[in-house]
Amino acid sequence: MTRGALVFLCLCAVPVAAQEPAVVVRAARVLDGRGGVVTNADVVIERGKIARVGPRGAVPAGARLVDLGDRTLLPGLIDAHAHPAWYFNRQGRLHTPRDGDTPVQSILAEAANAYRTLRAGFTTIQSVGDARDADVRDWIATQGLPGPRILTSLEPITDERLSPDSLRAVVRARKAAGADLIKVFIAASIRDGGRQTMSDAQVEAVCDEARKVGLRSVVHTQSDESVRAATLAGCTQVEHGIFVQQASLDLMAAHGTWFDPQCALVLQNYLDNRPKYDGIGNYNAAGFAAMERALPLTTAATRAALATPGLKVLYGTDAVAGAEGRNGEDLVCRVEQAGEAPMHAIVAATSLNAEALGLGDRIGAVAPGHEADLVATDGDPSQDIAAVRRVSFVMKGGRIVRNDGAP
Ligand SMILES: [Zn+2]
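Residue positions are given per chain, counted from 1 along the sequence in the order it is written. Residues qualify for local features only when their pLDDT is at least 70, as the model is predicted, and side-chain atom pairs are given and counted only at 80 or more; totals for whole chains, interfaces and linings, by contrast, use all residues. Water and hydrogen atoms play no part in the side-chain values, which are based on all heavy atoms of the structure.

Asks: Would you take a moment to explain the packing of aromatic side chains for this structure?
Replies: Centre distance and the angle of the planes are the two values used to describe a pair of aromatic rings. Note on aromatic pairs: the rings of Phe, Tyr and Trp (six-membered ring only in Trp) are paired at centre separations within 6.5 Å, and the planes decide the class, stacked below 30 degrees, edge-to-face beyond 60, tilted for the rest. One pass over the structure, following the stated rule, counts six aromatic pairs. Ring geometry for Y283 against F288: centres 6.4 Å apart, planes inclined by 50 degrees, an arrangement best described as tilted. An aromatic cluster of three or more residues is present, and its members are F88, Y270, Y277, Y283 and F288. When the ring centre of Y270 is taken as reference, the NZ or CZ atom of R191 above it lies at 5.1 Å. Criterion for a charge above a ring: Arg CZ or Lys NZ at most 6 Å from the ring centre, at most 35 degrees from the ring normal. The aromatic ring of W258 is capped on one face by K312, whose charged end is 4.1 Å from the ring centroid.

Next up, the structure:
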């Protein structure tokens, strides 16, 4: 790293000073993330937090006005399932531990992904996960590295040969290493059929121990039986579930289990970037054929989930290499392919996700006392969801990260 780069990072790291003047962000409309709309609105920000939201008024003495004109302001978006550590190396292939990249190069790649994700309007992500995430998370939080707030599981738990007691020990080790949540694979990859790989007793051990140490459990499932196992074990959040049946959707609703199906982005991204993945592990001919078959099924599972009364369907994209910075695509899919109302999708990716992540009192809404995480789009995504592709303003914790066209 050059000295110039170091100076740049240090300048970014200056904390928001207590005496920093208030900022008024003015926009044609504000979507508050809970379904409400304020037109011709001012959002007053003090010390990195939202102090007031209301109709346009006089700008307080000493405050700075940021006028976004006809743009639509909404809470910073949240992705409950991201993989910022995944990247394509400089040979244009998926990075693997044996491709020659150094740990420093890998962490720079993750930092670039974090910045790309933030610029796309995602001010918080849940990474599930990678051991490298801890440093990136901490440098963003305290050292001025630009990126979204990151919650991470660190290394996911995948070893189905471990006894329930050994799995409990791994959960405690993740907690001790600073994990914000536990990620466990209890089913095979969609490329390998998605059958349940851990016994019900193993699933129960992981999710019960996570609860005992105060962490949420996020579970990779695919087969219907794996969705049921995670639900009955009291796990917090169930991922994917491409083969889920209606009875299991109803079961999750009855148990208050969060469900995170993906609409299309993750599978479409693999198919679009096939040459960069092909030949690595299960990214082979059979794996790609399985993903082609699964693409309509994952959209159908999303549609069925959204139609299930009482089921809490959050928003997580599973954005891997090639999809970072396009985390908004599944919002478009959910509305255009899975029948969701645009405002409902926006609420999922903001206040509902914040609640799922245990951060409902801090982020996910344009409301007094919340972090000033704000995004503006050209156009109104509550009318045309594709406007989420046109993010042109991003503020995180009261700091402007992006404001296209500003002088
Ligand atoms: Zn994933």
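Asks: Teacher, can you tell me more about the nonpolar core here?
Replies: Most often, soluble globular proteins have nonpolar side chains that are buried together. Definition of nonpolar core: a set of buried residues of the types Ala, Val, Leu, Ile, Met, Phe, Trp, Tyr and Cys, connected through side-chain atoms within 4.5 Å. Each residue's exposure class comes from its accessible area (1.4 Å probe, protein chains only) as a fraction of the maximum for that residue type: buried when under 20%, exposed when over 50%, partly exposed otherwise. Ranked by size, the top nonpolar core spans 30 residues in total, and within it I157, I186, M252, F259 and L311 carry the most contacts. By definition, any uninterrupted DSSP run of H or I lasting at least four residues is a helix, any uninterrupted run of E lasting at least two residues is a strand, and each is numbered from the N terminus. Among the elements that make up this core, the one with the highest residue count is helix α5 (residues 200-212) (four residues). Of all hydrophobic cores here, the second largest spans 23 residues; its members include L31, L77, A114 and A348.

Asks: I keep staring at the pairing of strand β2 (residues 37-46) and nothing clicks. Help me out?
Replies: Two faces belong to every sheet, and in a regular strand the side chains alternate between them. In terms of strand pairing, strand β1 (residues 23-31) meets β2 through eight bridges, oriented antiparallel. By the bridge assignment, R29 is partnered in β2 with T39. Between any two strands, pairing holds if DSSP finds at least two bridges. Between the antiparallel neighbours β1 and β2 lie five residues, among them G33 with a positive phi of about 90 degrees. Judged from the six bridges that link them, β2 and strand β3 (residues 49-55) form a sheet pairing that is antiparallel. If you follow I45 over to β3, its bridge partner there is I50.

Asks: When you look at the sheet that holds strand β11 (residues 237-240) in this model, what are you seeing that I'm missing?
Replies: Pairing between sheet strands relies on hydrogen bonds along the backbone, with the strands arranged either parallel or antiparallel. Strand order in the open sheet formed by five strands is β9-β10-β11-β12-β13, and the pairing between neighbours is parallel. Lying at the two open borders of the sheet, with one neighbouring strand each, are β9 (181-185) and β13 (312-313). Strand direction decides the pairing type here: β9 and strand β10 (residues 216-221), joined by five bridges, are parallel. Residue pairing in the sheet places I182 in a bridge with S217 of β10.

Asks: Is there a simple way to think about the sheet that holds strand β8 (residues 149-152) in this case?
Replies: The strand order across the open sheet built from three strands is β6-β7-β8, with neighbouring strands paired in parallel fashion. The open sheet is flanked by β6 (77-82) and β8, the only strands paired with a single partner. Averaged over all pairs of adjacent strands, the angle between strand axes in this sheet comes to 15 degrees, irrespective of strand direction. Across four bridges, β6 lies against strand β7 (residues 122-127) in parallel orientation. Within β7, the position partnered with L77 by the bridge is F122. The contact criterion used throughout is that any non-hydrogen atoms of two residues lie within 4.5 Å. Only C-alpha atoms enter the line fits that serve as axes; for helices the fit covers just the stretch in contact. Angles between N-to-C directions range over 0 to 180 degrees. Strands in contact with helix α3 (residues 133-142) are β7 and β8; relative to β8, the strand with the most contacts, it is inclined by about 150 degrees.

Asks: What's the story with helix α12 (residues 342-356) in this structure? I'm lost.
Replies: Side chains that are three or four residues apart share a direction in an α-helix, a result of its 3.6 residues per turn. Working rule for helices: expected span equals 1.5 Å times residues minus one. Along its 15 residues, α12 runs 20 Å from first to last C-alpha, staying within 8% of the 21 Å computed at 1.5 Å per residue. Given a residue, its bend is the angle between the two axes fitted to the seven residues that end at it and to the seven that start from it. Most pronounced at A348, the bend in α12 amounts to some 45 degrees. Of all 15 residues in α12, eleven are buried; the element is thus mostly enclosed. Three or more residues of α12 are buried, namely P342, A345, I346, V347, A348, A349, T350, S351, N353, A354 and A356. Looking at the residues trailing α12, positive phi occurs at G358, about 75 degrees.

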